[in-house]
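# Chain and residue survey
These are the residues of each chain, in order.
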Amino acid sequence: METPRERWIGRDAGPVVRPYAMTRGRTRPRGLVVDLVTILVTTGRTPGDRVWLSREQRRLLELCRRPSTPADLASETDLPFRVVQILLEDLHQYGLIEEVPQAAEPTDRPDPRILMRVLDELRRL
C-alpha cells in the first residue's frame, strides 16, 4: 500500500496544511471571541515550560508586541480569519495576550449643536 504524498503548492511554499490542522480540529473559538477590530497586545509574560506554541502562534505573538487587530494579523500571516481567532484564543488562555480596553464613550466628539448647524447650512445650499 502506498503512503499518501504531501500536496505542495510550489517548491518555495512547501506542503499544504489544512486550517483544521493548525487549530487541532477546532472550528469555533470557545472562550475569548474577538471581532475584526478588537485591539490585542502581548502581556509581556513568557510561555511556561508546558506550553507548546505552533509557528503560527509564535508569529501572532510577535506581531502583537504592538497593538494589532485580528484583521491585521490575518492579513499579515495569510491565515483565514477563523484560524487566527482560534489561535488568538489559545494565546489569551495562556495569558500571553490581552484585549486593550476601549473607552466607553469617546471624549473628543464634536458638539451635537455644531453638527446640527452644519447640517442645516448644507441643506440650505
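What counts, and at which threshold
Residues numbered from 1 in each chain as written. Predicted model: local features only at pLDDT ≥ 70, side-chain atom pairs only at ≥ 80, totals over all residues. Heavy atoms only, no water. Helix = DSSP H or I, 4+ residues; strand = E, 2+ residues; numbered from the N terminus. Buried < 20%, exposed > 50% of the residue type's maximum accessible area, 1.4 Å probe, protein only. Contact = heavy atoms within 4.5 Å. Patch = residues over 30% accessible without salt bridge, like charges linked within 9 Å, V, L, I, M, F, W, Y side chains within 5 Å. Areas by Shrake-Rupley, 256 points an atom, 1.4 Å probe, with all protein chains shown as cover. Salt bridge = Lys/Arg side-chain N within 4 Å of Asp/Glu carboxyl O. Axes fitted to C-alpha atoms, helices over the stretch in contact; angles between N-to-C directions. Parallel < 35°, antiparallel > 145°, perpendicular 65-115°, else oblique. Left-handed = near helix turned anticlockwise from the far one by under 90°. Nonpolar A, V, L, I, M, F, W, Y, C, P; charged D, E, K, R; others polar. pLDDT = per-residue confidence, 0-100. Expected span 1.5 Å × (residues − 1).

Each helix and strand counted, the protein has 5 helices and 4 strands in total. Each helix (α) and strand (β) of the protein, taken in turn from the N terminus, gives the series β-β-α-β-α-α-α-β-α. Per-residue burial for the protein yields a buried fraction of 30% across its 125 residues. Sequence-distant contacts, at least 24 apart, represent 72% of the contacts inside the protein between residues at least 6 apart.

A contiguous nonpolar surface patch, about 450 Å² in accessible area, is contributed by Ile114, Val118, Leu122 and Leu125. For leucine 125, the position within the fold is in the segment after α5 (112-124). Leucine 125 sits in the exposed class, given a relative accessible area of 85%.

Let us now look at the pattern of salt bridges. When the charged atoms of two side chains with opposite charge come close together, those side chains can pair. For the structure shown, the criterion picks out 4 salt bridges. Two residues, glutamate 56 and arginine 55, come together in a salt bridge whose shortest N-O distance is 3.6 Å. Where glutamate 76 meets arginine 59, a salt bridge forms, and the shortest distance between an N and an O atom there is 3.9 Å. Separated by 17 residues along the polypeptide, glutamate 76 in helix α3 (residues 70-77) and arginine 59 in helix α2 (residues 55-63) bring together distant segments of the chain. Overall, glutamate 76 belongs to the partly exposed group, its relative accessible area being 44%.

A few words now on the packing of α3 against helix α4 (residues 81-93). Where α3 meets α4, the axes come as close as 9 Å, and the angle between the chain directions of the two elements is 110°. Between α3 and α4, the interaxial angle falls into the category roughly perpendicular. When you trace α3 past α4, the crossing you get is right-handed. Contacts from Pro70, Ala71, Leu73, Ala74 and Thr77 of α3 reach α4 at Phe81, Val84 and Leu88. Tallied by class, the residues present in the contact of α3 with α4 amount to 7 nonpolar, 1 polar and no charged.

This brings us to the side chain of glutamine 57. Mapping glutamine 57 onto the fold places it in helix α2. For glutamine 57, a relative accessible area of 1% gives the class buried.

Let's shift gears to the confidence of the model for the protein. Averaged over every residue, the pLDDT of the protein is 79; residues scoring 70 or more account for 73%. Mean pLDDT values over the elements of the protein span from 52, in strand β2 (residues 14-15), up to 93, in strand β3 (residues 40-42).

With 13 residues, α4 should cover 18 Å at 1.5 Å per step; its first-to-last C-alpha distance of 18 Å lies within 8% of that length. Within the sequence span of α4, burial applies to Val83, Val84, Gln85, Ile86, Leu87, Leu88, Glu89, Asp90 and Leu91. Where α4 terminates, the next one or two residues include glycine 95, which has phi positive at roughly 80°.

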